[in-house]
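Residues per chain are reported as follows:
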Amino acid sequence: MVRNKKVLIIYKFLPQWRVDFFNKLKLKLNEEGIELKLVYGKLQGEVTKKNDEVTLEWGEYIPNKVLKLGKIELLWQPVFKEIRNADFVIVEQANKLLINYILIILKKIGKIKFAFWGHGLNLQDNPNSISNKFKKLYSNNANWWFAYTSKVKEQMESNGFSGNQITIVQNAIDTRSLMIIYNEISPKELRAHKTLYNIGAGPIGLFCGGIYKEKRIDFLIETCLRIKESIHNFEMILIGAGPEDYKVKIISETYEWIHYVGPKFGIERIPFFKLADVFLMPGLVGLAILDSFAMKTPIITTNFPYHSPEIEYLENGINGIMTENTLEVFSQNIISLLEDKNKMDALKKGCIETAKKYTLENMVNNFTDGVKRCLAI
């Protein structure tokens, strides 16, 4: 009897938004006769207030060990036993993960087959930074690459990695269930939410995400104040948590039309999207753009230079808006959109169409195809 191939994914921590993907990938690979094992750690020694770490019953939690060299923090994941039992190992492409360098050595001596999964470069850093130059040095030393998006594939090809050994996964979250629940929310439920949180008639803006420096909360707050000067009924809802959430708490206590509701995960956030007219995120945009598409709340952002790879899903003027990176232009675009029903309807239609393309099911299928192709080498 031929045993199933065994694939190991090593993750430094498990965010709640990644669980659906791992569950669906495990089922899909099982259908292909491939066994998936997931090991993950926790964000020990790292500053995090996003409150989105979870556990997974079939996954294995193995504590990380944090090593500090001056200001540099490294993570050691003691997973040798798991690696020995795997036919193929998939790891995050991150400079701080020491296990990646062990895998490179094991691959060179023919002991393991492994893949990197990631962004290619740290997009929140200068492309020519020491950190990104170091990434370029070692990132070609894998058997395979799982690139978040097509532009990540282009980066890796320009770095000399074979395009035939790269899978574009189209990084996604479970938007199908979001859309189903979104469509089932009744006007009565929305009125109850407005009453509970003392939200006025609107129009309503929404922010939903981690609240940290790259999200540019100060810029967002100033934008809201400018919108309010032009549209007197404007209301703003802010969802999330993070190192800078104190700023949101202060401003929401100062202005009754600014509503901070704390972190909301899964279905908890859906009614707020249905209440909102626009999704405002002047800073870093990542997977939250998929919430915008799935729940028909057009995103408005700026040409901020440090967006995550998923920003390439935005088609300016079709499923969202990207403006110049100034308060005046960003604010005026929002005001103009809120006053233009036809343009708003067109953007919502674009969101609906885009949501059909970037799905968790497509991501799982793409990832499975890449696993099969690498195992066949």
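Residues numbered from 1 in each chain as written. Predicted model: local features only at pLDDT ≥ 70, side-chain atom pairs only at ≥ 80, totals over all residues. Heavy atoms only, no water.

Student: Can you explain unusual backbone geometry? Please cite residues and give values.
Tutor: Along the chain, Gly202 connects to Pro203 via a cis peptide bond; the corresponding omega equals 20°. Although it is not a glycine, Gln170 adopts a positive phi angle of roughly 55°. The topology assignment puts Gln170 in the loop between strand S9 (166–168) and helix H6 (175–184). Despite not being glycine, Asn198 has its phi angle at roughly 60°, a positive value. Assignment of secondary structure puts Asn198 in the loop between helix H7 (187–197) and strand S10 (204–208). (Helix = DSSP H or I, 4+ residues; strand = E, 2+ residues; numbered from the N terminus.)

Student: Account for the pairing of strand S4 (residues 65–69), naming residues and giving values.
Tutor: Here five bridges tie S4 to strand S5 (residues 72–76), and the two strands are oriented antiparallel to one another. When the bridges of S5 are listed, Lys65 appears paired with Trp76. Where S4 hands over to S5, the hairpin turn is made up of two residues, of which Gly70 adopts a positive phi near 65°. (Pairing = 2+ DSSP bridges.)

Student: Before we move on, could you go through the confidence of the model for the protein and cite the residues and values that matter?
Tutor: Predicted confidence across the protein gives a mean pLDDT of 92, with 97% of residues reaching 70 or more. Considering only residues more than four positions removed or in separate chains, one finds that residues 45–49, a stretch of pLDDT under 50, has 11 contacts. (pLDDT = per-residue confidence, 0-100. Contact = heavy atoms within 4.5 Å.)

Student: Account for H6, with residues named and values stated.
Tutor: If you check which residues of H6 are buried, you get Thr175, Leu178 and Tyr182. Along the axis of H6, the buried residues cluster in a sector spanning 50°; they form a single face. Turned more than 90 degrees away from the buried face of H6 sit Asn183 and Glu184, all of them exposed. On its buried face, H6 is in contact with helix H10 (270–275) and helix H11 (288–294). Taking the backbone nitrogen of Arg176 as reference, a side-chain oxygen 3.4 Å away marks Asp174 as the first, capping residue of H6. (Buried < 20%, exposed > 50% of the residue type's maximum accessible area, 1.4 Å probe, protein only. Arc of directions from axis to C-beta. Polar contact = N/O pair within 3.5 Å; in protein donor to acceptor, adjacent residues only side chain to side chain.)

Student: Summarise the pairing of strand S14 (residues 299–302); cite the residues concerned and give the values.
Tutor: Neither face of S14 is left uncovered, since the one carrying Ile299 and Thr301 and the one carrying Ile300 and Thr302 both have all their residues buried. In this structure, strand S13 (residues 278–280) lies alongside S14, joined through two bridges in parallel fashion. Following the sheet pairing, Phe279 is matched in S14 by Ile299. Where the polypeptide runs from S13 across H11 and back to S14, its parallel neighbour, the crossover connection is right-handed. Bridge count between S14 and strand S15 (residues 320–323): four bridges; the pairing is parallel. From the neighbouring strand, Thr302 faces S15, where its bridge partner is Thr323. (Right-handed = clockwise from strand over helix to strand, strands pointing away.)

Student: Provide a residue-level description of helix H3 (residues 99–108), including the pertinent values.
Tutor: Those residues of H3 that sit buried are Ile99, Asn100, Leu103 and Ile104. With its buried residues spanning 145° around the axis, H3 presents them on a single face.

Student: Can you lay out the pattern of salt bridges for me, pointing to particular residues and giving the numbers?
Tutor: Tallied over the entire structure, the rule returns 11 salt bridges. Glu60 is the partner of Lys37 in a salt bridge, and the nearest nitrogen-oxygen pair spans 2.8 Å. In this pair, Lys37 sits in strand S2 (residues 34–40) while Glu60 sits in strand S3 (residues 60–61), placing the two residues 23 residues apart along the sequence. The class for Lys37 is partly exposed, based on a relative accessible area of 34%. Asp218 is the salt-bridge partner of Lys247, the closest N and O atoms lying 2.9 Å from each other. One end of the pair, Lys247, is in helix H9 (residues 245–254); the other, Asp218, is in helix H8 (residues 217–230), and 29 residues separate them in sequence. The class for Asp218 is partly exposed, based on a relative accessible area of 48%. What you see here is one network of salt bridges that share partners, running through Asp218, Glu244 and Lys247. (Salt bridge = Lys/Arg side-chain N within 4 Å of Asp/Glu carboxyl O.)

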